[in-house]
Amino acid sequence: MRVGIFSDDTAIGTVAADLINELYLRKPDAVLGLATGSSPLTTYAILTERVKEGRVSFAQGQAFMLDEYVGLDLDHPQRYRNVIDREFASGVDFPSHAINGPDGNAPDLVSGAALYDRSIAEAGGVDLQILGIGSDGHIAFNEPGGSLASRTHVGVLTEQTRRDNARFFDNDITQVPTHCVTQGLGTIMEARRLVLIAQGAGKAEAVRELVEGAVSAHWPATIMQMHPDAWVLVDDDAASALDLADYYREVWEKSRA
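A brief look at the structure comes next. In this numbering scheme, every chain counts its residues from 1 along its sequence in written order. Restriction of local features to residues with pLDDT of at least 70 applies here, the model being predicted, together with a cutoff of 80 or more for giving and counting side-chain atom pairs; totals for whole chains, interfaces and linings are based on all residues. With hydrogens and water stripped out, all remaining heavy atoms of the structure feed into the side-chain values.

### A word on the overall build of the protein
Only DSSP runs of H or I with at least four residues qualify as helices, and only runs of E with at least two residues qualify as strands; both kinds are numbered from the N terminus onward. A tally of helices and strands in the protein yields eight helices and ten strands. It is over C-alpha atoms that the radius of gyration is taken, and the globule rule equals 2.2 Å times the number of residues to the power 0.38. Since a compact globule built from 257 residues should have a radius of gyration of about 18 Å, the 17 Å found for the protein is in line with a globular shape. Principal-axis analysis of the C-alpha atoms gives the protein an extent of 50 × 40 × 35 Å. Expressed as a percentage of its 257 residues, the buried residues of the protein come to 53%. Only protein chains enter the accessibility calculation, which uses a 1.4 Å probe; a residue is then buried when its area is under 20% of its type maximum, exposed when over 50%, and partly exposed in between.

Quick look at the structure:
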């Protein structure tokens, strides 16, 4: 696991954007895994500018979203497909048909989740998956206590996750859906590279467990310790609980020199 600790979000976003930029220059038809939430927004903004400048293109690529709420209207502003369109897809050159997401309104959610899982494999798998992390250690919507080998599935959102996400719903937890369709941890771990982004002191405990804790379903993100190419990019606040923060900084500087 490679741990980068930075003073501000622009530095984090630049490193993440560089990794994606390098991937698409090397492999123009790469498959990108997209995350929602606030963590990757700077990365998306930087990539959008680079597309406008002609420094990178997604015209031959595909993308798969991590998750989706169940039951939101198709035009709801917080439906994750709409968030991705608004925050990223509308500003870059992915073909409209190339961005895929779970169907949170499918008549049969379980069958739809299985179909989505197969579609990722049929596309050749995800080359680089962007991730955020919840304050309880979830990645995508894989909540504590779930299987570390899970596939794309219908999940129940914990009250903590709904409370954390209420800021996107007028700070009203009753508006936050109780269910989701999410890639499972087993699905996520099949991506060839994982890039997790976290900012703020509210993520410090989760980041400490992710990087230095035991692999456990109690902290789902810890499964990333078993991945051969996982990157964790955090700011000083999110890194504040790490025992070995100075070591990670030293290793990062020497490995990127």
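### Overview of the nonpolar core
In summary, soluble globular proteins display a tendency toward joint burial of nonpolar side chains. Side-chain atoms within 4.5 Å are what join buried Ala, Val, Leu, Ile, Met, Phe, Trp, Tyr and Cys residues into a set we call a nonpolar core. Judged by nonpolar contacts, the single largest core of 80 residues is most densely connected at L32, F58 and F94. The dominant element in this core, judged by the number of residues it contributes, is helix α1 (residues 9–26), at eight residues. Apart from residues lying up to four places away in sequence, F58 is in contact with I20, Y24, L32, L47, V51, F88, V92, D93, F94 and P95. Two residues qualify as a contact provided that any one of their heavy atoms is within 4.5 Å of a heavy atom in the partner residue.

### Describing the sheet that holds strand β7 (residues 153–156)
Paired strands, as defined in this entry, are two strands with at least two bridges between them according to DSSP. Taken in spatial order, the three strands line up as β4-β8-β7 in an open sheet, and their pairing is antiparallel. Looking at the sheet topology across the chains shown, the edges are occupied by β4 (67–69) and β7. Between one strand axis and the next, the sheet turns by 30° as a mean value, whatever way the strands run. The pairing of β7 with strand β8 (residues 179–182) spans four bridges and is classified as antiparallel. Throughout, an axis means a line fitted to C-alpha atoms (over the contacting stretch in the case of helices), and angles, computed between N-to-C directions, take values from 0 to 180 degrees.

### Brief notes about the layout of surface pockets
Here the largest pocket is characterised by a volume of approximately 440 Å³. Only protein atoms enter the 1 Å grid used here, on which a cavity is any set of points holding a 1.4 Å probe that cannot leave and a pocket is any open set flanked by protein within 12 Å on both sides along at least five of seven lines; residues with an atom within 4 Å of a point are listed as lining. Along the walls of the largest pocket sit 23 residues, with G37, I133, H138, N165 and K203 positioned nearest its centre. Grid points are joined across faces, edges and corners, and a volume is the space filled by probe spheres set on the points. If you add up the space inside the second largest pocket, you get close to 160 Å³. Taken together, M1, R2, V3, W231, Y247, Y248, V251, W252, S255 and R256 make up the lining of the second largest pocket. Elements that contribute at least two residues to the lining of the second largest pocket include exactly β1 (2–6) and α8 (245–256). Take the lining of the second largest pocket: its biggest share by element is six residues, from α8. The residue makeup of the lining of the second largest pocket, split by class, is seven nonpolar, one polar and two charged. Only Asp, Glu, Lys and Arg are considered charged in this grouping, and only Ala, Val, Leu, Ile, Met, Phe, Trp, Tyr, Cys and Pro are considered nonpolar; every other residue, Gly among them, is considered polar.

### Re the packing of α1 against helix α2 (residues 41–52)
Running from amino to carboxyl end, α1 crosses α2 at an angle of 55°, the nearest separation of the two axes being 8 Å. On the basis of their axis angle, the class for α1 and α2 is oblique. The interaxial crossing formed by α1 with α2 has right-handed handedness. Note on element contacts: α2 touches α1 through T42, T43, I46, L47 and R50, opposite D9, T10, G13, T14, A16, A17, D18, I20 and N21. Classifying every residue of the contact of α1 with α2 by side-chain character gives five nonpolar, six polar and three charged. Put simply, angles under 35 degrees are roughly parallel, angles over 145 are roughly antiparallel, angles from 65 to 115 are roughly perpendicular, and the rest are oblique. By definition, any crossing whose near helix is turned counterclockwise from its far helix by less than a right angle is left-handed, and any crossing with a clockwise turn is right-handed.

### Some thoughts on the packing of aromatic side chains
Classification of ring pairs rests on two measures: the distance between centres of Phe, Tyr or Trp rings, Trp counted by its six-membered ring, which must be within 6.5 Å, and the angle between planes, read as stacked under 30 degrees, edge-to-face over 60 and tilted in between. Applying the stated criterion to the full structure yields 14 aromatic pairs. Geometrically, the ring pair formed by Y44 and F88 is stacked, given 4.5 Å between the ring centres and 20° between the ring planes. You can see Y44 sitting in helix α2 and its partner F88 sitting in the loop between α3 (80–87) and β5 (99–100), a full 44 residues away along the chain. Of the two residues, Y44 and F88, both sit in the buried class.

Function cannot be inferred from these measures alone, as they are strictly geometric.
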